[in-house]
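These are the residues of each chain, in order.
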Amino acid sequence: MANIYDQANELERAIRESEEFQGLKQAYEAVMADENAKQMFDNFRNTQIELQQKQMQGQEISEEEVEEARKVVETVQQHPQISKLMEEEQRLNTVINDVSKIITKPLEELYGADEQ
């Protein structure tokens, strides 16, 4: 019987070597190498983190905060390197979501069989 942890480690290596991860890595490095892009990206990430923390703590997010976040997103999407980074991240997320569906298929089939 195959060791599930060894296979998980093989999957992790395959993700690292994938075209999607390599594209994300290159896009990330390009953003980090450009001081202006890095500063904009850091601001974007900090805004995301702050809003997520508020949501997790059950705090309401004000209209002003929503508007500010929208402006930050619009600004970063207009920067070509950050836009490319976001596209590459989405590509990798699609792969990871697909892999997750495959991995959870046995549970889905097991519990889905009860519903029939």
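Scoring rules and cut-offs
Residues numbered from 1 in each chain as written. Predicted model: local features only at pLDDT ≥ 70, side-chain atom pairs only at ≥ 80, totals over all residues. Heavy atoms only, no water. Patch = residues over 30% accessible without salt bridge, like charges linked within 9 Å, V, L, I, M, F, W, Y side chains within 5 Å. Areas by Shrake-Rupley, 256 points an atom, 1.4 Å probe, with all protein chains shown as cover. Salt bridge = Lys/Arg side-chain N within 4 Å of Asp/Glu carboxyl O. Helix = DSSP H or I, 4+ residues; strand = E, 2+ residues; numbered from the N terminus. Buried < 20%, exposed > 50% of the residue type's maximum accessible area, 1.4 Å probe, protein only. Axes fitted to C-alpha atoms, helices over the stretch in contact; angles between N-to-C directions. Parallel < 35°, antiparallel > 145°, perpendicular 65-115°, else oblique. Left-handed = near helix turned anticlockwise from the far one by under 90°. Contact = heavy atoms within 4.5 Å. Nonpolar A, V, L, I, M, F, W, Y, C, P; charged D, E, K, R; others polar.

S.K.: Go over a nonpolar patch on the surface, please, and point to the residues and values.
M.R.: Taken together, the side chains of Leu107, Leu110 and Tyr111 present a nonpolar region at the surface, about 350 Å² in accessible area. Within the secondary structure layout, leucine 110 lies in helix α6 (residues 105-114). Of the residues examined, leucine 110 reaches a relative accessible area of 52% and is grouped as exposed.

S.K.: Tell me about the pattern of salt bridges, residues and numbers included.
M.R.: Here the structure, examined in full by the defined rule, presents 8 salt bridges. Among the salt bridges present, the one from glutamate 12 reaches arginine 16, with a minimum N-O distance of 2.4 Å. Taken as a pair, glutamate 12 and arginine 16 lie in helix α1 (residues 4-17) at a separation of 4 residues, close to a single helical turn.

S.K.: Which residues make up the packing of helix α2 (residues 19-33) against helix α5 (residues 80-103), and what are the values?
M.R.: Angle between the axes and distance between the axes: these two values describe a pair of packed helices. Relative orientation of the contacting elements α2 and α5 amounts to 155°, with a least axis distance of 8 Å. As the angle between them shows, α2 and α5 are arranged roughly antiparallel. By crossing handedness, the relation of α2 to α5 is classed as left-handed. Along its contact with α2, which presents Glu19, Glu20, Phe21, Gly23, Leu24, Ala27, Tyr28, Ala30 and Val31, the element α5 presents Gln81, Ile82, Lys84, Leu85, Glu88, Glu89, Arg91, Leu92 and Val95. Looking at side-chain class alone, the contact of α2 with α5 contains 10 nonpolar, 2 polar and 6 charged residues.

S.K.: Help me get a handle on the packing of helix α3 (residues 35-56) against helix α4 (residues 63-78), residues and values and all.
M.R.: Following both chains from N to C, one finds α3 and α4 inclined at 150°, their axes separated by 10 Å at the closest point. Regarding the angle of α3 to α4, the classification is roughly antiparallel. Here α3 runs over α4; the crossing is left-handed. In this structure, α3 uses Met40, Asn43, Phe44, Thr47, Leu51 and Lys54 to contact α4, whose residues at the interface are Glu65, Ala69, Val72, Val73, Thr75 and Val76. A per-class count over the contact of α3 with α4 returns 7 nonpolar, 3 polar and 2 charged.

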